[in-house]
Amino acid sequence: MPKNDMQGAIDLLILKTLSQTGEMHGYGIVVHIEKASGELLHVEEGSLYPALHRMEQSGWITSEWALTETKRKAKFYRLTPVGKEHLASAEESFEHFVKGVRSILRYA
């Protein structure tokens, strides 16, 4: 996994969420990750928004202010073509990591 393992995991979860949903605001991303993981994964706002900011600076996502379904102003995030490429690479790295961990668990 790239960079810090936890940072890389959060990036992967966010990018995968945006690839599945198209566009979403921060709170929606958190809810999607929790629901899609069967409530096993929780991303705190203190981790989410710095990650979104970092990914926007990296060119992986873009954002735009708009109204939510409840008419509240929120920043909506969308995956860029560069983000799609990074997601593919991150998924491959993660799968490789998981394969290595599984091998070690079976060896023990």
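Notes on the structure follow.

What counts and how
Residues numbered from 1 in each chain as written. Predicted model: local features only at pLDDT ≥ 70, side-chain atom pairs only at ≥ 80, totals over all residues. Heavy atoms only, no water. Helix = DSSP H or I, 4+ residues; strand = E, 2+ residues; numbered from the N terminus. Buried < 20%, exposed > 50% of the residue type's maximum accessible area, 1.4 Å probe, protein only. Core = buried A, V, L, I, M, F, W, Y, C linked by side-chain atoms within 4.5 Å. Contact = heavy atoms within 4.5 Å. Axes fitted to C-alpha atoms, helices over the stretch in contact; angles between N-to-C directions. Left-handed = near helix turned anticlockwise from the far one by under 90°. Nonpolar A, V, L, I, M, F, W, Y, C, P; charged D, E, K, R; others polar.

Quick notes on unusual backbone geometry
- Residues other than glycine seldom take positive phi values, yet Glu39 does so here, at roughly 70 degrees.
- Within the secondary structure layout, Glu39 lies in the loop between helix H2 (26–36) and helix H3 (45–58).
- Judged by relative accessible area, Glu39 falls into the partly exposed class, the value being 46%.
- The phi torsion at Lys71 lies on the positive side, around 70 degrees, for a residue other than glycine.
- When its relative accessible area of 64% is taken as the criterion, Lys71 is described as exposed.

Some points on the nonpolar core
- Ile14, Leu18, Ile29, Leu52, Met55 and Ile61 are the most contacted members of the largest nonpolar core, which totals 20 residues.
- Among the secondary structure elements, those contributing two or more residues to this core are helix H1 (5–21), H2, H3, strand E3 (73–79) and helix H4 (81–107).
- Sort the elements by how many residues they give to this core and H1 lands first, with five residues.
- In this structure, Ile61 is in contact with Leu15, Leu18, Leu52, Met55, Glu56, Tyr77, Arg78, Leu79 and Thr80, ignoring residues within four places of it in sequence.

Things to note about the packing of H2 against H3
- Where H2 meets H3, the closest approach of the two axes is 11 Å, and the angle between their N-to-C directions is 115 degrees. Between H2 and H3 lies a crossing whose hand is right-handed. Contacts between H2 and H3 involve Gly26, Tyr27, Ile29 and Val30 from the first element and Leu48, Tyr49 and Leu52 from the second.
- Taken together, the residues that form the contact of H2 with H3 break down as six nonpolar, one polar and no charged.

Considering the environment of Ala9
- Residue position: Ala9 is located in helix H1.
- For the pair Ala9 and Phe94, spaced 85 residues apart in sequence, the C-alpha to C-alpha distance is 8.3 Å.

Function cannot be read off these values alone, since they describe shape.
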